[in-house]
Amino acid sequence: MSDTGYSPSRREARSRALRRRKLTIGIAAGAVALLLVGGGTAWAISAAQPQAAPPKVAPAVNPKPTPSPTLTPEPTPEPAPAPVYDLDSPSSITVVVNKQRPMNPIDWAPDDLVMPEGIPNVWGHPIRAEAAAALQQMYAAASDAGVPFTITSGYREYWLQKEIYDGLVAQGGVEFADRDTARPGYSEHQTGLTVDLYGNEGCQLAACFGETATGTWLRDNAYRFGYILRYHDGQQATVGYTYEPWHFRYVGVDVATAMHDQGVLNLEDFFGLPPAPTN
Ligand SMILES: [Zn+2]
């Protein structure tokens, strides 16, 4: 066997293998070094964090410190202010007039009377402007529903009421007069906020009006226009009058709707006033 076994190519191969080994060792050493360095770096970060982090959350550095929940008062919802109703002033749309509560002054007269437009009005009685505007809307709706109505009584001044009442006293005595007619100064018609209505079905100023299509529609819908049926059936002990399904009083949409929604039948109960059954 000759030495030719050690051909240059073989030597080369051995030398390549040797270089490869050195290289492998070198890479391995580098990796260890990297690991050490990496570990060291990792430690350095974790060690540095506790010192580096606090300034970020320190209140002094934070320009807008979040207020502590314990210092913030609970946002209590503001209660809706209770409506204040004027039950006494004669010009108030919520004035309550009954057999215990006369107009004050007794011969008070409104200064904003107008004639409701476009509504049949037997005696041409005016009513107060706000009540007239609402009545016109109610008339339009009633007409659309096929139950247009006629006004048979509106504002009645003190002196007219006195004339009517005195005439009845002369005719049948005080008890007789008091039965169906308000004493002068005690009539809701003097407020200028009240109307007596009737339809085309008869029953004018009679209890049966409540059973007619017009009477039924008015009783069910008047509140939408701010009117209430003032003297309901069975309420005489509180309101002082027998059933008057034709007598509607303007009180404004808020009160009328509240009464409707709560099922309250008269102003005395709604406002917590004492009943007013007698003179
Ligand atoms: Zn009336």
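As the structure is a prediction and not an experimental result, all values here were calculated from the model.

(A) Structural detail: the pairing of strand E4 (residues 194–198). In terms of burial, E4 is largely enclosed, as five of its five residues are buried. With burial as the criterion, each face of E4 is covered, one bearing Thr194, Asp196 and Tyr198 and the other bearing Val195 and Leu197. Examined bridge by bridge, E4 and strand E6 (residues 244–250) share three bridges and lie antiparallel to one another. What sits directly across from Val195, in E6, is Phe248.

(B) View of the side chain of Glu188. Structurally, the position occupied by Glu188 is in the loop between helix H4 (158–180) and E4. Side chain to side chain, Glu188 and Arg249 meet in a polar contact 3.0 Å long. When neighbours within four sequence positions are excluded, Glu188 is seen to be in contact with Val97, Thr194, Arg230, Tyr231, His247, Arg249 and Leu267.

(C) Highlighting the coordination of the zinc ion. Each protein donor to the zinc ion is listed here as His189 (NE2), Asp196 (OD), Asp196 (OD) and His247 (ND1); together their distances run 2.1 to 2.8 Å. Sequence spacing of the donors to the zinc ion: H-x6-D-x50-H. Accessibility expressed as a relative area gives 3% for His189, which makes it buried.

(D) Summary view of the sheet that holds strand E5 (residues 227–231). The strand order across the open sheet formed by four strands is E3-E4-E6-E5, and the pairing between neighbours is antiparallel. Two strands lie at the open edges of the sheet, namely strand E3 (150–153) and E5, each paired on one side alone. For this sheet, the mean angle separating the axes of adjacent strands, direction not counted, is 45°. Sheet contacts for helix H3 (residues 129–144): E3, E4, E5 and E6; angle to E5, the most-contacted strand, approximately 100°.

(E) A look at the state of the cysteines. For the structure on display, the rule yields one disulfide. Between the sulfur atoms of Cys203 and its disulfide mate Cys208 the distance is 1.9 Å. Handedness here is read from the sign of the S-S torsion; for Cys203 and Cys208, about -120°, the answer is left-handed.

(F) Looking closely at the pattern of salt bridges. Overall, the coordinates contain nine salt bridges when judged by the stated rule. In this structure, Asp166 and Lys162 form a salt bridge, with 3.1 Å as the shortest nitrogen-oxygen distance. Of this pair, Asp166 and Lys162 both sit in helix H4, four residues apart, which is roughly one turn of that helix. For Asp166, a relative accessible area of 36% puts it in the partly exposed group. Of the charged contacts, one joins Asp220 and Arg219 as a salt bridge, the two residues approaching to 3.7 Å between their closest N and O atoms. Here the residues in one salt-bridge network are Glu188, Arg230, Arg249 and Glu268, joined through shared partners.

Cut-off values and rules
Residues numbered from 1 in each chain as written. Predicted model: local features only at pLDDT ≥ 70, side-chain atom pairs only at ≥ 80, totals over all residues. Heavy atoms only, no water. Buried < 20%, exposed > 50% of the residue type's maximum accessible area, 1.4 Å probe, protein only. Helix = DSSP H or I, 4+ residues; strand = E, 2+ residues; numbered from the N terminus. Pairing = 2+ DSSP bridges. Polar contact = N/O pair within 3.5 Å; in protein donor to acceptor, adjacent residues only side chain to side chain. Contact = heavy atoms within 4.5 Å. Donors = N, O, S within 2.8 Å, 3.2 Å for Na, K, Ca; no water. Axes fitted to C-alpha atoms, helices over the stretch in contact; angles between N-to-C directions. Disulfide = S-S within 2.5 Å. Salt bridge = Lys/Arg side-chain N within 4 Å of Asp/Glu carboxyl O.

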